[in-house]
Amino acid sequence: MSLDQQQAPSASSWMLTMPEPLIEKLLANTRFRTVQRGEYIFRQGEPPEGIYRVLQGVISVQSPEATPLIGHLLGPGAWFGEGAALTHQPRVVSTMAIAETRLAFLPLATLEEIGRQYPELWRGLASLTASNAEVAVGIARDLMLTRPEDRVIAVLRRLTTSLGREAAIPLSQEQLADMSVLSRGAVSRILSRLEAAGRVRRGYRELWWLDN
């Protein structure tokens, strides 16, 4: 069995209401790509070229500022890029691998060809867009928390949900501070308290959330 066959994505939740022949066609037309740490998948303002799924590794979703800030991390199983693919509008965020990452990829031309044969595809992609919009609302909700420690905890919980319970969160304290809209010193003090309470474990440029 080839590496691609071993890593081929199975049907995702947004596909489950689709007819079986459509699911099989999507999986059969999936391509694969490996991106290195620091490599962009796409940048804000670029035209859409397809949708992606993380198979292994971690992808950061970044703001379009001159010095990009990380807004969220995507781990194995996450699909992204469908919004621009649906609307044919330029990308509104940038995405970058922050570890060597294996991706599944469905090109836009392939989606459009399959969609002409199976219109149910567009409803599935709309469902995926709605799920990702819920994540975006969660990000906004986290940043509305007024107590700094609650904000840091909310961010760590969200990232753990995205990456997996056992996975390290590959962020420096400075990056976590940016995500929490706090100073690095404030985040360091909060993490020290959480670590003393057994709720966080710190490593070099990585963290583990140990609580529920």
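Colleague: Teacher, can you tell me more about the sheet that holds strand E8 (residues 101-107) here?
Modeller: Hydrogen bonds between backbone groups are what pair the strands of a sheet, and the pairing can be parallel or antiparallel. Taken together, the four strands give an open sheet; going across it, the order is E1-E8-E3-E6, and neighbouring strands pair in antiparallel fashion. Two strands close off the open sheet at either side, each with one partner strand: strand E1 (31-35) and strand E6 (79-80). Bridge analysis of strand E3 (residues 50-56) against E8 gives six bridges, and the strand direction is antiparallel. Bridging from a neighbouring strand, Val 54 pairs with Leu 103 of E8. Together, E3 and E8 form the strand contacts of helix H4 (residues 108-117), whose direction differs from that of E8 by roughly 45°.

Colleague: For this particular structure, what's the right way to read the layout of surface pockets?
Modeller: Which parts of space are left empty comes out when a probe the size of a water molecule is rolled across the atoms. Space inside the largest pocket adds up to approximately 1100 Å³. What lines the largest pocket is a set of 46 residues, among which Val 61, His 72, Asn 132, Val 135 and Ala 136 lie closest to the centre. Among the elements of the structure, strand E4 (59-62), strand E5 (70-74), E6, helix H3 (82-87), helix H5 (120-143), helix H6 (148-163) and helix H7 (173-180) are those that each provide at least two residues to the lining of the largest pocket. Per-element tally for the lining of the largest pocket: the top contributor is H5, with 13 residues. Class assignment for the residues of the lining of the largest pocket results in 23 nonpolar, 17 polar and six charged. Mapped onto the lining of the second largest pocket, the elements with two or more residues apiece are strand E7 (94-97) and H7. Of the residues that constitute the lining of the second largest pocket, the class distribution is nine nonpolar, five polar and four charged.

Colleague: Is there a simple way to think about the pairing of strand E9 (residues 200-203) in this case?
Modeller: Note on strand geometry: in a regular strand, side chains alternate between the two faces of the sheet. By the bridge criterion, four bridges tie E9 to strand E10 (residues 206-209) in an arrangement that is antiparallel. Looking across to E10, one finds that Val 200 is bridged to Trp 209. Hairpin connection, E9 to E10: the antiparallel pair is bridged by two residues, and Arg 205 has positive phi, about 55°.

Colleague: Would you mind going over the pattern of salt bridges with me for this structure?
Modeller: Charged atoms that come close allow side chains of opposite charge to pair. Counted by the stated rule, this structure contains seven salt bridges. Taking the shortest distance from any N to any O, the salt bridge between Arg 33 and Glu 39 comes out at 3.4 Å. What makes Glu 39 partly exposed here is its relative accessible area of 30%. With a shortest N-O distance of 3.0 Å, Glu 149 and Arg 193 are connected by a salt bridge. A residue pair is termed long-range when its members are at least 10 positions apart, and Glu 149 in helix H6 and Arg 193 in helix H8 (residues 184-196) qualify at 44 residues. The exposure class assigned to Glu 149 is buried, which follows from its relative accessible area of 13%. Exposure remark for Arg 193: the relative accessible area of 46% places this residue in the partly exposed category.

Quick notes on the rules
- Residues numbered from 1 in each chain as written.
- Predicted model: local features only at pLDDT ≥ 70, side-chain atom pairs only at ≥ 80, totals over all residues.
- Heavy atoms only, no water.
- Pairing = 2+ DSSP bridges.
- Helix = DSSP H or I, 4+ residues; strand = E, 2+ residues; numbered from the N terminus.
- Contact = heavy atoms within 4.5 Å.
- Axes fitted to C-alpha atoms, helices over the stretch in contact; angles between N-to-C directions.
- 1 Å grid on protein atoms, 1.4 Å probe; cavity = no way out; pocket = protein on both sides within 12 Å on 5 of 7 lines; lining within 4 Å.
- Points joined across faces, edges and corners; volume = space filled by probe spheres on them.
- Nonpolar A, V, L, I, M, F, W, Y, C, P; charged D, E, K, R; others polar.
- Salt bridge = Lys/Arg side-chain N within 4 Å of Asp/Glu carboxyl O.
- Buried < 20%, exposed > 50% of the residue type's maximum accessible area, 1.4 Å probe, protein only.

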